[in-house]
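# Summary of structural features
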Amino acid sequence: MIHRLLQPKILELAKQYPVITLTGPRQSGKTTLLRNSFPDYKYVSLEDPDMRLLASSDPKGFLETYPDKTIIDEVQRVPDLFSYIQTHIDLADKEGMYMLAGSHNFLLMQSVSQSLAGRTAVLKLLPFSHKEMYEGGILPLPVDKEIFYGAYPRILDKNLNPVIYYQSYLQTYIERDVRILKNIGDLNNFIKFIKLCAGRIGQLLNLSSLANECGIAVSTAKEWLSVLEVSYICYRLEPDFNNFNKRLVKTPKLYFYDTGLACSLLNIMSAEQLSSHYLKGELFENLVINEFIKNSYNNALTPNLTFWRDSTGNEIDLIDYTFGEKKAYEIKSSQTFSTEFFKGLIKWNLLAHNSQNDNFVIYNGKDEIKTSHGTVMPWEKFGSIY
């Protein structure tokens, strides 16, 4: 098993809270992580119709059968169970009683906030990070292959064909998760909407344009985008609101949690296609930013990431405030370093009074380079550096 960087946090927090809640996209490895972290715990999946019937029709009997040290998977399938868990753990007054896992973030968190607030630590597990793959010896170099394959554990563990895997994953997502989360009548139009989102990776989010191209109302586009966000398909990177001047771009950018899924939506059928694809730079940028998202979640933190752009075109791809520091990153898919990479960083430094020691360029080259404006870091070695 590839070591998951979130595991130490789960083990630590299980000694402090009666319940651990682990959420994340389907097939990101939640069940595997919990079962390997707590091998002496019983395991119950509420995807099993018999278990779901027991939990929903006789929740007290269910908890008497599983009174302690139990992993309950897809727990959001029985929302009423949460209130009974609350009463049960309050009476027991113990730590580490239940590990709850679920893929429907909205439904899960709705139940958690209503019944388990203050009683559970909520953690998120995304597919493998670059660092996890690097340390596990399964990194699918070169970078085009890493982008194309994505990071879902099953693909790398079973050496599956990414094209077939992501087509099936998307179909399952549409047929199960979307129908549960939102009553969408025209699923074909919804798939078109997801593909249009993939075509806008790394771009400023324009909901009006998305709605027009899809033939839906702007309000519908907002709802559909929210569905994609709560089910860990895509996310928004917000602009930096530090008011250095009044001519800042204030529109978020759109990215996908997994570049392999994005490639599938873009009809990219092989890693070789990426070398000449018009979104190659944006997909590489997405790959890098995902690592920062995963690193935050693996430390049980909420990502505090932004980008900066002014109206004259000066831009920084990523500013990371997550660990109480302010570090700025420019991301380039080029294999060759250029001093032009620091153009936006130099401009931003003058306004933000940031140290050159906190300026970085991440690129697809081989060498780490120290310059007077900051450090140039090779993506290939990012797992050992970051």
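Placed above this text is the structure.
These lines cover the structure that appears in this document, whether it is placed above or below.

In contact at an axis separation of 11 Å, helix 11 (residues 187–198) and helix 13 (residues 218–230) are set at 75 degrees when each is read in the N-to-C sense. One way to sum up the angle between helix 11 and helix 13 is to call them roughly perpendicular. Residue-level inspection shows Asn 189, Phe 190, Phe 193, Ile 194 and Cys 197 of helix 11 in contact with helix 13, the latter providing Ala 221, Trp 224, Leu 225, Val 227 and Leu 228.

Our next topic: the packing of helix 12 (residues 207–214) against helix 13. The contact between helix 12 and helix 13 brings their axes to 8 Å, and the two run at 100 degrees. By the angle between their axes, helix 12 is roughly perpendicular relative to helix 13. Here Leu 207, Ser 208, Ala 211 and Cys 214 of helix 12 come into contact with helix 13, specifically with Val 218, Ala 221, Lys 222, Trp 224 and Leu 225. A breakdown of the residues in the contact of helix 12 with helix 13 according to their chemical character gives seven nonpolar, one polar and one charged.

Ranked by internal contacts, the top residues of the largest apolar core, which has 78 residues, are Tyr 173, Phe 190, Phe 193, Ile 194, Leu 228, Phe 256 and Leu 283. Here Ile 194 is in contact with Leu 170, Tyr 173, Ile 174, Leu 228, Phe 256 and Leu 265, once residues within four sequence places are set aside. One finds Leu 46, Phe 62, Ile 72 and Leu 81 within the second-largest nonpolar core, a separate group that totals 20 residues.

A separate point is the packing of aromatic side chains. Two aromatic rings are characterised by how far apart their centres lie and by the angle between their planes. All told, the structure shown has 18 aromatic pairs when counted by the stated rule. Residues Phe 62 and Tyr 66 carry aromatic rings whose centres are separated by 5.3 Å and whose planes lie at 50 degrees to one another, so their mutual orientation is tilted. Side by side, Phe 62 and Tyr 66 carry an identical accessibility label, which is buried. For the ring pair Tyr 235 and Tyr 257, a centre distance of 4.8 Å and an interplane angle of 50 degrees mean the geometry is tilted. With a gap of 22 residues between them, Tyr 235 in strand 6 (residues 234–237) and Tyr 257 in the loop between strand 7 (253–256) and helix 14 (259–265) connect regions that are remote in the sequence. Using a relative accessible area of 6% as the deciding quantity, one classes Tyr 235 as buried. An aromatic cluster of three or more residues is present, and its members are Tyr 152, Tyr 165, Tyr 166 and Tyr 169. The side chain of Arg 35 reaches across the aromatic face of Tyr 43, ending 4.1 Å from its centre. Seen from the ring of Phe 307, Lys 253 lies directly overhead, with NZ or CZ sitting 4.7 Å from the centre.

Definitions and limits used
- Within each chain, residue numbers correspond to sequence positions counted from 1 in written order.
- The predicted origin of the model limits local features to residues at a pLDDT of at least 70 and limits the giving and counting of side-chain atom pairs to 80 or more, whereas totals for whole chains, interfaces and linings rest on all residues.
- Side-chain measures here rest on the full set of heavy atoms in the structure, leaving out hydrogens and waters.
- Angles shown run from 0 to 180 degrees and are taken between the N-to-C directions of axes, each axis being a line fitted to C-alpha atoms and, for helices, limited to the stretch in contact.
- Numbering goes from the N terminus for both helices and strands, where a helix is a DSSP run of H or I of at least four residues and a strand is a run of E of at least two.
- Any angle that is under 35 degrees is reported as roughly parallel, and any over 145 degrees as roughly antiparallel; angles of 65 to 115 degrees are reported as roughly perpendicular and all others as oblique.
- Whether two residues are in contact is decided by their heavy atoms: any pair within 4.5 Å suffices.
- Residues are grouped as follows: Ala, Val, Leu, Ile, Met, Phe, Trp, Tyr, Cys and Pro are nonpolar; Asp, Glu, Lys and Arg are charged; all remaining types, including Gly, are polar.
- By convention a nonpolar core is built from buried Ala, Val, Leu, Ile, Met, Phe, Trp, Tyr and Cys residues, the set being connected through side-chain atoms within 4.5 Å.
- Buried means the residue's accessible area, taken with a 1.4 Å probe over protein chains only, is under 20% of the maximum for its type, while exposed means over 50%, and partly exposed covers the values in between.
- In summary, the pairing rule links any two rings of Phe, Tyr or Trp, Trp by its six-membered ring, whose centres are within 6.5 Å, and it sorts them by plane angle into stacked for under 30 degrees, edge-to-face for over 60 and tilted for everything else.
- The rule for a charge over a ring is simple: NZ of Lys or CZ of Arg within 6 Å of the ring centre, and within 35 degrees of the ring normal.

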